[in-house]
Amino acid sequence: MDVTLTLADLLKLVLFLLGIGVLGYLLLILRNVNKVLGQAEAVLEANVNEIDATIKQLPEITENVNKITNEANKMISDMSPDLTGVVRNVNGITTKIDDMANIIDNTGHKVGDTVDVLSETLAETALAFQFNAKSVTSYIEIIKEIIEIVRDSIKKY
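Before going into details, it helps to say that this report is about the structure given with it. Keep in mind that this is a model prediction, so the values were computed, not measured. (Residues numbered from 1 in each chain as written. Predicted model: local features only at pLDDT ≥ 70, side-chain atom pairs only at ≥ 80, totals over all residues. Heavy atoms only, no water.)

Bringing the pattern of salt bridges into the picture now. Taken as a whole and assessed by the stated rule, the structure comprises 1 salt bridge. A salt bridge links Glu63 to Lys67; the shortest N-O distance between them is 3.5 Å. In this pair, Glu63 and Lys67 both sit in helix H2 (residues 48-156), 4 residues apart, roughly one turn of the helix. Since its relative accessible area comes to 44%, Glu63 is described here as partly exposed. (Salt bridge = Lys/Arg side-chain N within 4 Å of Asp/Glu carboxyl O. Helix = DSSP H or I, 4+ residues; strand = E, 2+ residues; numbered from the N terminus. Buried < 20%, exposed > 50% of the residue type's maximum accessible area, 1.4 Å probe, protein only.)

So, about a nonpolar patch on the surface. On the surface, Leu5, Leu7, Leu10, Leu11, Leu13, Val14, Leu15, Leu17, Leu18 and Ile20 cluster together into a nonpolar patch covering about 1,000 Å² of accessible area. Here Ile20 shows up in helix H1 (residues 7-46). (Patch = residues over 30% accessible without salt bridge, like charges linked within 9 Å, V, L, I, M, F, W, Y side chains within 5 Å. Areas by Shrake-Rupley, 256 points an atom, 1.4 Å probe, with all protein chains shown as cover.)

Here we take up a negative patch on the surface. Judged by side-chain charge, Asp113, Asp116, Glu120 and Glu124 come together as a negatively charged surface patch. Assessed through its relative accessible area of 55%, Glu124 is described here as exposed. (Lys, Arg positive; Asp, Glu negative; His and termini not counted. Charge placed at Lys NZ, Arg CZ, Asp CG, Glu CD.)

If you want it as structure tokens, here you go:
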């Protein structure tokens, strides 16, 4: 028996095989989906009461959320002018602190310069006292000699 196989027949065979593979894969997917649905059904059955209670509370929860949102909006609108004032005050305070820091920095430099000048002056004064102390002793000796001369001259008369 001779069988001739054309290219079209070969492509049909490949397509049929691919179709069978895709169909098998689709069956696996459907089986997994069925498992997931079964597990979801088990979870729903186990938690029916809690789910019902939650669904019944949803309107109340929604109402509370709306009240909280309205209150927050009112508070924000009431506080907006105050917050603007607070921001201005904070900016002013920051500016004043910067100015004070600059003043303190300048004062520190001035105090440092003054301490330098004062220490130089004290050193010069100490040196002057040292030299003047020597000259004061010599002045005292001269005054003693003058007093002795005057005393001697008074004794002679």
